Each structure stands twice: as structure tokens, then as C-alpha cells.
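A structural walkthrough
Listed below are the residues making up each chain.
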Amino acid sequence: MSNVQRSRSALSLRRLVTAASGLALCLAATATTASASATTTAVPQKASSKAACRLPAPQLPGTSAAHTISSGGRERAYRLHLPADYTKKREWPVVMAFHGRGNTGIGTEEFSKLSTLPAVVVYPEGVIGTGDGDRQAWQGAPYAAAGVDDVAFTGDLLDKLEATLCVDERRVYATGKSNGAGFVSTLLACRMADRIAAVAPVAAALYPTGQPCRPSRPVPMIEFHGTGDVTIPYAGDADRGLPAIDTWAADWAARNGCRTRPQVRVTAPDITTTRWKGCDRGAEVRHVAVTDGGHTWPGADSYSGGGYTTQTIEAHDVLWAFLKDFRTPKPRTH
């Protein structure tokens, strides 16, 4: 072989090696990019990545404790109960329970038995209103403190709970007694339907707010009231602007687009349940009438108001069976 041929052969061999090396580097880079892309798309699929679920609990599971939050330029108080098996790996439903006029979170927790539910339960405290005595009250009633926005306070409180606790933001429920139940029914359900999945007022004081109730979505409701309630009469009280309870429940069912003919059944010796089905988005409505029942919480073992307290049902169990499967709509993604 001549020197020229040897030179050409060596050059060809170097070109072949260079090309092979370049191809190998290209393939390696492609594989690395593909691997990185696969890792990036897998991370958002983890539902357990909610930041609040990685935070330590603010108190021992199975306990109730007092907390405060700033809202509307005021320091507002609330009582928080964590279930005994609260863990950071499970997103818990939330039950917000609003006390009646002159009552407190502690008192409501005692007679309602809501802290026995498999949920994070919150007992907000109202601001002292007008009238005789230093009695806490809620927005919407004629004796509520002027200038207090309890709807905004509820929103602020939910923001804090969702930022610090492992909770399911789509399973937030509201209940209450008397003035607290009226607040839930005439204001929260009407203005915060995007955050409150369903409501359960008990012996609701349904004072007129002067504003129409136009929720952003049909809100499921189960409502309890005694036919012998003399504080908030079942038949209504025109002088105070209070509606008849059965009529008000029927109006709520009409708002939810339910069928006009409800099912009416005696479900216990002193309990008559009216149920509206076929409602828009499954937003069912139930009215639980306690025959001769007073201004009380059904099933309460301690004082919850004047008059007869039925023991044939436990309100906390009945309302939970109704509420627990409802969820607010999933947030829209863009």
C-alpha cells in the first residue's frame, strides 16, 4: 500500500470514530432529556403533595383547643377539634358549627356532640351584639353587632384552616343553632356556595337580611325544627319577619330546582321528614320536624334551649349522614 493510500485510510477511520462518538453523545442527551421530561410530568400527579398536609398539627389529635385569628381589624376566636386519628396523610372534611345568641363554642360542642364525627370541627365565636346582656351573636340578626362582617370572618377562618391543616377543601360543611343556624342559612349558604358544600341549620332564627339569596350553585340542605318551639315559632312570626319553617324549606327546595311534590314520612314516633329529590346538581333538601320539639338540639344530653328535646334521633348523626357525600365543584383549570 502506498503512503497516499495509508493516509486516506487513516483519515477515513478517524472520521468514522468521530461520527460514532457524536452519535453516542446525541443518543445520551436525548435519553437524558426524555428521562427528565418523564420525571417532570409525574410529580404533579401526586394528590398527597398538599403543603398543609406536611405541617405538624397545631394541637394533639383528639383534643379541642382555643385559637384566634385577625379578621376585619378584630381579633376573632374559634375552638378547634381534631379527630383522634388525625394524621397528615389524610385530607379531612370540615364541619363549621355556629353557636346561638348568647352561647359559645364550648357550649355548642358539649350539647351537639359534633366533635364525635370523623371530621375536623370548628366552633367560631361571634361578637357581642346589642340588647340585654353581653351575648355573642352573628351577622344578619337585628341584635348583631354593627359593622361586623361575619361572612368575611368565615372566609378568613377557612383560609387559615386550609393553609395549616390537612383538610379537604371541597368537603366543608356548615351547621349551627338558632342565630348561628340563621346566619348559615341566610348568609353563608347564599354568599359562600363556592366554598360550603352543604348546610344543616337547627332551630334556625331566619331573620330577613334585606338582601336576596342567590347562591352561585344549588346548596344541599337538611334542616331541623321543633313544632313546639316558642323562641323561633315553627309557624313563623310576622312581627319579627320570621317565616313559617315548612314554607321556607319548600322555598329552598324550589330554589334548588327540586320536584314540586316532596316525600313526607314519619321516620320516628315524633319525627316527620320531608324530602325533596330530583334537584339541580343533586342538591337535595330535607326538613326534619320534631313534633312538640322545643328550641333545642335533637338528641342533646345537656341544655341546648327551652322546651322538649327529642331523644329518638341524634341530630349530629342524622346531619352527618346527609352532608358527608356532598362536595363543592372542582376548580376549573385553564
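The text that follows walks through the structure, step by step, so that each part is easy to find. From a predicted model like this one, the values you see are computed outputs, not experimental measurements. (Residues numbered from 1 in each chain as written. Predicted model: local features only at pLDDT ≥ 70, side-chain atom pairs only at ≥ 80, totals over all residues. Heavy atoms only, no water.)

**Details of the overall build of the protein**
Formally: Working definition: helices are DSSP H or I runs of at least four residues, strands are E runs of at least two. Numbering for both runs from the N terminus. The buried label applies to any residue whose accessible area, calculated with a 1.4 Å probe on protein chains only, is under 20% of its type's maximum; exposed applies above 50%, and partly exposed to all values in between.
A count of helical and extended segments in the protein gives six helices and 12 strands. Buried residues in the protein amount to 48% of all 334 residues.

**Focus on the side chain of Thr 154**
Applied cut-off: Every residue pair with non-hydrogen atoms within 4.5 Å of one another is taken to be in contact.
Here Thr 154 is to be found in helix H3 (residues 150-164). For Thr 154, a relative accessible area of 1% puts it in the buried group. Ignoring sequence-local partners within four residues, the contact set of Thr 154 consists of Met 96, Phe 98, Phe 183, Leu 188 and Met 192.

**Side note on unusual backbone geometry**
We note that Ser 178 has phi near 60°; this positive angle belongs to a residue other than glycine. In this fold, Ser 178 is placed in the loop between strand S7 (167-177) and helix H4 (179-191). A relative accessible area of 11% means that Ser 178 is categorised as buried. Residue Asp 292 is not a glycine yet carries a positive backbone phi of 65°. Along the chain, the position of Asp 292 falls in the loop between strand S12 (285-290) and helix H6 (315-323).

**Points about the packing of H3 against H4**
The criterion, for reference: Comment: axis = line fitted to C-alpha atoms, over the contacting stretch for helices; angle = value between 0 and 180 degrees taken between N-to-C directions. Each crossing gets its hand from how the near helix is turned against the far one by less than a right angle, where anticlockwise is left-handed and clockwise is right-handed. Classification used: nonpolar for Ala, Val, Leu, Ile, Met, Phe, Trp, Tyr, Cys and Pro, charged for Asp, Glu, Lys and Arg, polar for all others including Gly.
Their axes nearest at 10 Å, the elements H3 and H4 cross at an angle of 65°. Seen along the crossing, H3 lies across H4 with a hand that is right-handed. Residues Asp 150, Val 151 and Thr 154 of H3 touch H4, and the partners they reach there are Phe 183, Leu 187, Leu 188 and Arg 191. Class assignment for the residues of the contact of H3 with H4 results in four nonpolar, one polar and two charged.

**Side note on helix H2 (residues 105-112)**
In an α-helix, one turn spans 3.6 residues, which is why side chains three or four residues apart end up on the same side. Burial runs high along H2: six of the eight residues are buried. All of the buried residues along H2 are Gly 105, Gly 107, Thr 108, Glu 109, Phe 111 and Ser 112. Where H2 is buried, its residues contact strand S1 (64-71), strand S2 (74-81), strand S4 (120-124), S7 and H6.

**Section: the pairing of strand S3 (residues 92-98)**
Just so we agree on the cut-off: Following DSSP output, two strands are said to pair if at least two bridges run between them. For a crossover, the right-handed case is the one in which the path from the first strand over the helix to the second runs clockwise, viewed with the strands pointing away from the viewer.
Burial of S3 is extensive: seven of the seven residues sit out of reach of the surface. Relative to S7, S3 runs parallel, the two being bridged by six bridges. Looking across to S7, one finds that Val 95 is bridged to Tyr 173. Note: S3 against S4, three bridges, orientation parallel. Considered in S4, the bridge of Val 94 is made with Val 120. Since S3 and S4 lie parallel, the crossover through H2 that links them has a hand, and here it is right-handed.

**Overview of the state of the cysteines**
To keep things clear, this is the line we draw: Pairs of cysteine sulfur atoms within 2.5 Å are what we label disulfides.
For the coordinates displayed, the defined rule picks out three disulfides. Note on cysteine connectivity: Cys 190 is disulfide-linked to Cys 213, with sulfurs 2.0 Å apart. Classification of the bridge connecting Cys 190 and Cys 213 rests on its S-S torsion, roughly -95°, and on that basis the disulfide is left-handed. Placement of Cys 190 in helix H4 and of Cys 213 in the loop between strand S8 (198-202) and strand S9 (221-226) is noted, with a sequence separation of 23 residues between them. Note on accessibility: Cys 190 and Cys 213 belong to one class, buried. In this model, Cys 258 is linked to Cys 279 through a disulfide, with the two sulfur atoms separated by 2.0 Å. A torsion of 110° about the S-S bond marks the disulfide between Cys 258 and Cys 279 as right-handed. Here the residue Cys 258 occupies a position in the loop between helix H5 (245-255) and strand S10 (263-268), and Cys 279 occupies one in the loop between strand S11 (271-276) and S12, the gap between them amounting to 21 residues. Per residue, the accessibility class of Cys 258 equals that of Cys 279, and both read buried.

**Section: the pattern of salt bridges**
Quick note on the threshold: We count a salt bridge whenever a side-chain nitrogen from Lys or Arg sits within 4 Å of a carboxyl oxygen from Asp or Glu.
In this structure the tally under the stated criterion is 11 salt bridges. For Asp 132, the salt bridge goes to Arg 135, with nearest N and O atoms at 2.9 Å. According to the relative accessible area criterion, Asp 132 is exposed, its value standing at 56%. Relative accessible area serves as the criterion here: at 28%, Arg 135 is assigned to the partly exposed category. Here Glu 284 ties to Arg 275 by a salt bridge, and the two come within 2.6 Å at their closest N and O atoms. Classification of Glu 284 as buried rests on a relative accessible area of 13%. Salt bridges sharing partners connect three or more residues here, namely Lys 113, Asp 301 and Glu 314.

**Observations regarding the environment of Ala 77**
One can find Ala 77 in strand S2. The partly exposed category is assigned to Ala 77, whose relative accessible area is 31%. Placed 46 residues apart in sequence, Ala 77 and Tyr 123 show a C-alpha to C-alpha distance of 8.9 Å. The residues contacting Ala 77, other than those within four sequence positions of it, are His 67, Thr 68, Pro 124, Glu 125 and Phe 153.

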